[in-house]
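Overview (structure and organization)
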Amino acid sequence: MVFYLFVGLITFQRITELVIARRNEAWMKRQGALEFGQGHYPAMVAIHTAFFLFLIAEVNLFDKHLSEYWPVLLTLFLFTQGMRIWALASLGRFWNTKIIILPGAQVVKRGPYKIIKHPNYLIVAIEILVIPLMFNAYITMALFTLLNIMILSIRIPAEEKALRELTKYETTFTHQGRFLPNLLKKCDN
């Protein structure tokens, strides 16, 4: 019962995010934004959808239960949700599940984006580890961690290339690492 409630809440969150993303997409395209990465986007959607289907299947087929470490894992999950909201709110109308770039727009460098370039991708990577671990679904965790690494190895370069071509991305993010803060260089602003 706890498992289905948990998965149901996450599913509701993801559907809500898709509604917001579609609204943001429509607004950005009315402003003249361009879309990139259409070729890999269906694979990304398939991976994120399959993650939940595999998680449900693994938990049911192998009779998995809540981990004895669930309090720690739930705390980490809740922390990622706070970070997720912070990252999405920092981007505001520029946040999307697709790569949609408004030519000449000022690059967002607030919130977690002051520290790293891709906080939302880091958060998703942590979620792909933590959610299955909460229910001892090790196969789902391993498989989708690898699939996420594969899709991000395509998506991030495509996103950064589009941002470099249409914005001042390169000069805005001279001191941030992709996923970890660059502790050796001073962050601007």
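Provided above is the structure to which this section pertains.
Quick caveat, the model's predicted, so the values are computed rather than measured. (Residues numbered from 1 in each chain as written. Predicted model: local features only at pLDDT ≥ 70, side-chain atom pairs only at ≥ 80, totals over all residues. Heavy atoms only, no water.)

1. Some remarks on the packing of helix H4 (residues 119-134) against helix H5 (residues 138-166)
Keep this limit in mind: Inter-axis angles, ranging from 0 to 180 degrees, are taken between N-to-C directions of lines fitted to C-alpha atoms, where helices are fitted over the stretch in contact. Put simply, DSSP marks the helices as runs of H or I at least four residues long and the strands as runs of E at least two long, and each gets a number from the N terminus on. With respect to orientation, any angle under 35 degrees is reported as roughly parallel, any angle over 145 as roughly antiparallel, any angle of 65 to 115 as roughly perpendicular, and every other angle as oblique. Contacts are assigned to residue pairs that have any heavy atoms within 4.5 Å of one another. In this classification, the charged set is Asp, Glu, Lys and Arg, the nonpolar set is Ala, Val, Leu, Ile, Met, Phe, Trp, Tyr, Cys and Pro, and all remaining amino acids, among them Gly, are polar.
Taken N-terminus to C-terminus, the directions of H4 and H5 make an angle of 170 degrees; their axes are 9 Å apart at the nearest point. Regarding the angle of H4 to H5, the classification is roughly antiparallel. Mapping the contact onto sequence places Tyr 121, Val 124, Ala 125, Ile 128, Leu 129, Pro 132 and Leu 133 in H4 and Tyr 138, Thr 140, Met 141, Phe 144, Thr 145, Asn 148, Leu 152, Arg 155, Ile 156 and Glu 159 in H5. Looking at the contact of H4 with H5 residue by residue, the classes come out as 12 nonpolar, three polar and two charged.

2. Section: the pattern of salt bridges
Just so we agree on the cut-off: The salt bridge definition used is simple: a Lys or Arg side-chain nitrogen within 4 Å of an Asp or Glu carboxyl oxygen. Accessibility here uses a 1.4 Å probe with only protein chains present; expressed as a share of the type maximum, an area under 20% marks a residue as buried, one over 50% as exposed, and anything in between as partly exposed.
The tally for this structure, following the rule as stated, stands at 10 salt bridges. The partner of Glu 25 in a salt bridge is Lys 29, and the shortest N-O contact between them spans 3.0 Å. Within this pair, Glu 25 and its partner Lys 29 are both found in helix H1 (residues 2-30), separated by four residues, close to a single helical turn. Under the relative-accessibility criterion, Glu 25 is labelled buried at 12%. The exposure class assigned to Lys 29 is partly exposed, which follows from its relative accessible area of 37%. Through salt bridges with shared partners, a single ionic network connects Arg 14, Glu 17, Arg 84 and Glu 127.

3. As for a nonpolar patch on the surface
Test applied: Here, patches come from residues exposed beyond 30% relative accessible area and free of salt bridges, joined within 9 Å for like charges and within 5 Å for nonpolar side chains (Val, Leu, Ile, Met, Phe, Trp, Tyr). Residue burial considers only the protein chains on display, and all accessible areas are found by Shrake-Rupley using a 1.4 Å probe.
There is a patch of nonpolar side chains on the surface, built from Val 2, Leu 66 and Trp 70 and spanning about 280 Å² of accessible area. Within the secondary structure, Leu 66 sits in the loop between helix H2 (41-61) and helix H3 (70-91).

4. Notes on the packing of aromatic side chains
In plain terms, the rule: Aromatic rings from Phe, Tyr and Trp, taking only the six-membered ring of Trp, are treated as a pair when their centres fall within 6.5 Å; an angle between ring planes under 30 degrees marks them as stacked, one over 60 as edge-to-face, and anything in between as tilted.
Applying the stated criterion to the full structure yields nine aromatic pairs. Here the aromatic rings of Phe 3 and Phe 135 are separated by 4.9 Å at their centres, their planes lie at 75 degrees, and the arrangement is edge-to-face. Of this pair, Phe 3 sits in helix H1 while Phe 135 sits in the loop between H4 and H5; the two residues are 132 residues apart in sequence, bridging distant segments of the chain. Each residue in the set Phe 3, Tyr 4, Phe 6, Phe 77 and Phe 135 is aromatic and connected to the rest through ring pairs, giving one cluster.

5. Concerning the nonpolar core
Counted only if it meets this: Buried Ala, Val, Leu, Ile, Met, Phe, Trp, Tyr and Cys residues that are joined via side-chain atoms within 4.5 Å together make up what is termed a nonpolar core.
If you look at the biggest cluster of nonpolar residues, it comprises 25 residues, and the most contacted ones within it are Phe 6, Leu 55, Phe 77, Ile 131 and Met 134. Of all elements in the fold, only H1, H2, H3, H4 and H5 reach the threshold of two or more residues within this core. The biggest single contributor to this core is H2, with seven residues. In this view, Leu 55 contacts Phe 3, Val 7, Ile 131, Pro 132, Ala 137 and Thr 140; residues no more than four positions away in its chain are not counted.

6. A short note on unusual backbone geometry
The phi dihedral of Asp 63 falls on the positive side, at around 50 degrees, and the residue is not glycine. By the element assignment, Asp 63 lies in the loop between H2 and H3. One non-glycine residue, Asn 136, lies in positive phi territory at about 60 degrees. Mapping Asn 136 onto the fold places it in the loop between H4 and H5. The exposure class assigned to Asn 136 is buried, which follows from its relative accessible area of 19%.

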